[in-house]
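For reference, the chains in residue letters:
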4 protein chains.
Amino acid sequence: MSSRPWTTAITKVEPNKLLLRGYSIDELMAKASFAEAAYLALTGEMPTPAQARLVNAIFVSSIDHGATPPSALGTMTAASTRASLSAAVAAGLLAITHVHGGAVEGAIRMFADAASRRGAGGPPAEAAAAALDDLKSKGMRAPGFGHRIHTNDPRATELFRLAREARVDGGYLELADAFEKELAARLGKPLPINVDGAIAAVLCELGVPPEMGNAFFIISRVPGLIAHAVEEMTRQKPMRVVDPRNHEYDGPAERKLTDR
Amino acid sequence: MSSRPWTTAITKVEPNKLLLRGYSIDELMAKASFAEAAYLALTGEMPTPAQARLVNAIFVSSIDHGATPPSALGTMTAASTRASLSAAVAAGLLAITHVHGGAVEGAIRMFADAASRRGAGGPPAEAAAAALDDLKSKGMRAPGFGHRIHTNDPRATELFRLAREARVDGGYLELADAFEKELAARLGKPLPINVDGAIAAVLCELGVPPEMGNAFFIISRVPGLIAHAVEEMTRQKPMRVVDPRNHEYDGPAERKLTDR
Amino acid sequence: MSSRPWTTAITKVEPNKLLLRGYSIDELMAKASFAEAAYLALTGEMPTPAQARLVNAIFVSSIDHGATPPSALGTMTAASTRASLSAAVAAGLLAITHVHGGAVEGAIRMFADAASRRGAGGPPAEAAAAALDDLKSKGMRAPGFGHRIHTNDPRATELFRLAREARVDGGYLELADAFEKELAARLGKPLPINVDGAIAAVLCELGVPPEMGNAFFIISRVPGLIAHAVEEMTRQKPMRVVDPRNHEYDGPAERKLTDR
Amino acid sequence: MSSRPWTTAITKVEPNKLLLRGYSIDELMAKASFAEAAYLALTGEMPTPAQARLVNAIFVSSIDHGATPPSALGTMTAASTRASLSAAVAAGLLAITHVHGGAVEGAIRMFADAASRRGAGGPPAEAAAAALDDLKSKGMRAPGFGHRIHTNDPRATELFRLAREARVDGGYLELADAFEKELAARLGKPLPINVDGAIAAVLCELGVPPEMGNAFFIISRVPGLIAHAVEEMTRQKPMRVVDPRNHEYDGPAERKLTDR
């Protein structure tokens, strides 16, 4: 019974005082954005302002993708039976795996592998080719490339634009380009980078380790899953059949933030 | 097979184009904070800058509370068996109920009940007393008051400070005070408002409906759950016994954001 | 740290020895059926042979209901992303609530309420009517009656036949009949008892308390959920869209156990 | 919208008629044990009486292992917050992975690998050694051997006894022995087969494919998880801290089935 205490480095809890990674929670509430605080919780350190802008963009990028992803269907299915909100979100999360939303970890490993092959500055094309050969020899496909719907994933495009604007430059953006070119050459048709792949490349630039990669997609998608759960519970009858094909969008027409 | 399509108002998905509640996802990635985008996903509208500051503070407030809450223990227990990151988070979410993190919905209903009793401007003390009598007659306790550890929850204090600073004033802040006074009088000892109660009062000010109340705690806590899952997987051996009592904090000493 | 130990009455674990509710696990493996052992785990006592036959029939009755129930869809959706088998089952379980598979608890309470109104032997019709009036005054519907597909649920019919054969007779079978008649009279059309309602009536005969009622459906359905998960993983491609309407049965044609 | 229907071979659902793998559900309710029906649901065929006895023993063997396994702790933690019964079970299932309860699949693969190396009848010792070498070269440990508590797992012993009694003889029982001997020789101390390993060897004898292996542990453990959930909800206060170390058994003293 008298085993040595184990240790945790996340939050220090005392009566009437909470320190997250050393920072007082009330100071964070007033001065940190949720994206910064989430990054702090995950990595142990606050991001720089330039990093924070990218982290925020990552979290915003994957907040929802409509009613067809398996995670949304899992959440709506549970919500159709009037499960609790947290249970409905949990049901959706269980559909987030390496084939849906969970390709970030694998893509970080693939990019890191190519970066280490590249070493002191070899050409990115050769490094990408060698990393892809290695995956192929294991019977694996390149994680983070290709999308059911988008031929040019707008979230990837914008994330790379912001990363270039922020002048992060550890070589991972050009590596991602090299993978895209190499994949197109091998397949004889484009297999463009998707949002998972773009998140992975930017997280490589930030130095986030692979085992934390999928965290960003999960955090990002939870508000979307909740929106689907609440919509199901408020707009639909219990036990209705959630048809993943036969639905239409009836929300607001396109508008601009500047219109506000 | 040819049933009428059902409708969803959250996201419009087209090839290479995503509109969240009408706003283009790439515009949101560059110009909106994650807190704003999450609020947009949930409620359908962007918050004003003053509202956004409060929404952000809510999301930051509950990001983690150390290793003892049931949600953290649920996540660490699954992570100790090397479940996937999304499964470990799901396991933790399943411990978020009306008795842990899920008191926001009930508190919103209680405050709204008191506000409607108060009508055009009666004294908040009477409305609080009537609402508490009604709960008592149903054998229920007031949600959002009292805490295992904090006699003065620093998150509630800061959230109210920020709400007063933002000059929101629909009467819910003074109602919350009235409940606190009435509860203390009835119990003969203080039962101070906790972070759930404070979030509920501020969400009432923002006009968020009760069925969406628990969403804010869930979104807030997910980064903390992930931090515990990753810490478990990287610092501890598989299948170790997660002892909820016998642990110590070994993270950074107290520091200030201004020290950065 | 030195708090008093808490207690559990389920299993005594010693090195090389396991006692489930007092019975050695190896004796149970050789001499008890899984239905008996599950009943023992839940209730603390072995059923009599007559009870065991009913408990077994309950567990068999709800083992699967095809691909359209929300629990099956939740499991298949997670399995389509190649979640682990346990995660896929968990996703399906999260869709088991009071509106799907979880009506047993409510039906036990309703039957118990009617039985106590009936007291020493009043007419079942009056007791059923009073219990239904009470539910109606709370805005609730009678749990355990009506089905999306079956006008005469074959599982309920067989369960009642077996119960009559077993000569259980605490009055709950005739009470269930009385509810069915009263509901038909009120609605002007039949609303026949479904498998949840029949399970509830038989569990009342066995003396199982309401808080344990939903356990029987959950235990029963898990093998079916696993069958759907394995079928999804072995017969379908990852990320295929699980369409709840457009599917056909391609399994064995009708056959008899006596054909074996 | 007019895609070809997909197919499922598990259950044929028609109004007032249910066929599980071709057998009418009411015939199964009266004539099949739950273990047989679960096996039918999983594999598509009824077991022979000799197989049914082993399948039943497998399901009984793992029904519970007290309050310390991660799955029990996950279920109790969720139940301590008064999550629904199905959510509490789901939380526990999420802790069933390759390191807890989910070693059956890996052990089936390992035994099948050794069996194919053995071919037409080579010595089991050489086949086991070769299979262990192969695992070692991949940095993996032998699944299904060793236990935190038992040096001689009573469930494995009894399962092998029943298998020998049933005269199943595809060579997997002697292969399992060969692995145990080889592991002891390599480690210089015994690493006896555990219940996962024994289940795997018996499932190999039954011809159950590896992807179905973990199903048997999951089905078996669900009643135990429910017993813990109900005990938590009925004997303990909400939000109590579930201490995995400091507890005692207070159930019935040892008794015999023949005492009934």
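Only a predicted model underlies this, so the values are computations on that prediction, with no experimental measurement involved.

Re the interface of chain A and chain B
Taken together, the contact pairs 107 residues of chain A with 107 residues of chain B. Around 9400 Å² of area is buried between chain A and chain B when both sides are counted, 66% of it from carbon and sulfur atoms. Together, Trp6, Met29 and Phe34 of chain A form the three largest contributors to the area buried by chain A at its contact with chain B, with a combined 11%. The interface formed by chain A and chain B includes four salt bridges. A salt bridge links Glu45 of chain B to Arg255 of chain A; the shortest N-O distance between them is 3.0 Å. The interface formed by chain A and chain B holds 50 residue pairs in polar contact (both at pLDDT 80 or more) in total. If you tally residues by element for the side of chain A that touches chain B, the top one is helix H11 (residues 213-235) of chain A, at 14 residues. By residue class, the composition of the side of chain A that touches chain B is 55 nonpolar, 26 polar and 26 charged. Note that strand S1 (residues 6-8) of chain A and strand S5 (residues 247-249) of chain B share three bridges and pair parallel. Directly across from Trp6 of chain A, in S5 of chain B, lies its bridge partner His247 of chain B.

Quick word on the nonpolar core
Phe111 of chain A, Phe111 of chain B, Phe111 of chain C together with Phe111 of chain D are the most contacted members of the largest nonpolar core, which totals 348 residues. The contacts of Phe111 of chain B, once residues within four sequence positions are left out, are Phe145, Tyr172, Leu175, Ala176, Phe179, Ile193, Gly197, Ala200, Ala201 and Cys204 of chain B.

Details of the confidence of the model for chain A
Residues of chain A with pLDDT of at least 70 account for 98%, and the chain-wide mean is 94. We note a pTM of 0.96 for the whole complex and an ipTM of 0.96 for its interfaces.

Things to note about the relation of the copies chain A and chain B
Laying chain A over chain B is done by rotating through 180 degrees and shifting 0.0 Å along the axis; what remains is an RMSD of 0.0 Å. Interpreted geometrically, this transformation is the action of a two-fold axis. Of every C-alpha in chain A, the one belonging to Ala90 of chain A sits nearest the axis of rotation, 2.2 Å from it. A high fraction, 100%, of the interface residues of chain A reappear at the interface in chain B, so the copies pair face to face through one surface.

Looking at the packing of aromatic side chains
Tallied over the full model, the rule gives 26 aromatic pairs over all chains. One aromatic cluster in this structure is built from Phe34, Tyr39, Phe59 and Phe216 of chain A together with Phe34, Tyr39, Phe59 and Phe216 of chain B. Between Arg240 of chain A and the ring centre of Trp6 of chain B, over which it is positioned, the NZ or CZ distance is 4.1 Å.

Structural notes on the domain arrangement of chain A
Residues and elements named next belong to chain A. As far as domains go, chain A holds domain 1 (9-46) and domain 2 (47-243). Distance between the C-alpha centres of domain 1 and domain 2: 26 Å. On the domain 1 side of the interface with domain 2, the three residues burying the most area are Ala35, Tyr39 and Leu42, jointly 65% of the side's total. Put simply, domain 1 and domain 2 have zero salt bridges between them.

What to know about helix H5 (residues 85-93) of chain A
Taken across its nine residues, H5 of chain A has nine buried, putting it largely inside the fold. Buried residues in H5 of chain A make contact with helix H4 (70-80) and H11 of chain A, helix H5 (85-93) and helix H11 (213-235) of chain B together with helix H5 (85-93) of chain C.

Notes on the sheet that holds strand S2 (residues 11-14) of chain D
Residues and elements named next belong to chain D. Taken together, three strands build an open sheet; the order of strands is S2-S3-S4 and the sheet is antiparallel. Strands with a single pairing partner mark the edges of an open sheet, and in this sheet they are S2 and strand S4 (23-24). Looking at chain direction, S2 and strand S3 (residues 17-20) are connected through four bridges and run antiparallel. Each residue of the ladder has a partner; that of Glu14, found in S3, is Lys17.

What about the sheet that holds strand S4 (residues 23-24) of chain B?
Here we have three strands laid out as an open sheet, ordered S2-S3-S4 (chain B), and antiparallel in their pairing. The outermost strands of the open sheet, each flanked by one partner alone, are strand S2 (11-14) and S4 of chain B.

Details of the side chain of His228 of chain A
Examined against the element boundaries, His228 of chain A turns out to sit in helix H11. Among residues more than four places away in sequence, those in contact with His228 of chain A are Asp64, Gly66, Ala67, Ala72 and Met76 of chain A together with Thr8 and Ile10 of chain B.

The rules we used
Residues numbered from 1 in each chain as written. Chains lettered and ligands numbered in written order. Predicted model: local features only at pLDDT ≥ 70, side-chain atom pairs only at ≥ 80, totals over all residues. Heavy atoms only, no water. Contact = heavy atoms within 4.5 Å. Buried area = accessible area lost by both parts, 1.4 Å probe. Salt bridge = Lys/Arg side-chain N within 4 Å of Asp/Glu carboxyl O. Polar contact = N/O pair within 3.5 Å; in protein donor to acceptor, adjacent residues only side chain to side chain. Helix = DSSP H or I, 4+ residues; strand = E, 2+ residues; numbered from the N terminus. Nonpolar A, V, L, I, M, F, W, Y, C, P; charged D, E, K, R; others polar. Pairing = 2+ DSSP bridges. Core = buried A, V, L, I, M, F, W, Y, C linked by side-chain atoms within 4.5 Å. Buried < 20%, exposed > 50% of the residue type's maximum accessible area, 1.4 Å probe, protein only. pLDDT = per-residue confidence, 0-100. Least-squares fit on C-alpha atoms with pLDDT ≥ 70 in both. Phe/Tyr/Trp six-rings, centres within 6.5 Å; stacked < 30°, edge-to-face > 60°. Lys NZ or Arg CZ within 6 Å of the ring centre and 35° of its normal. Domains from an automatic or database assignment.

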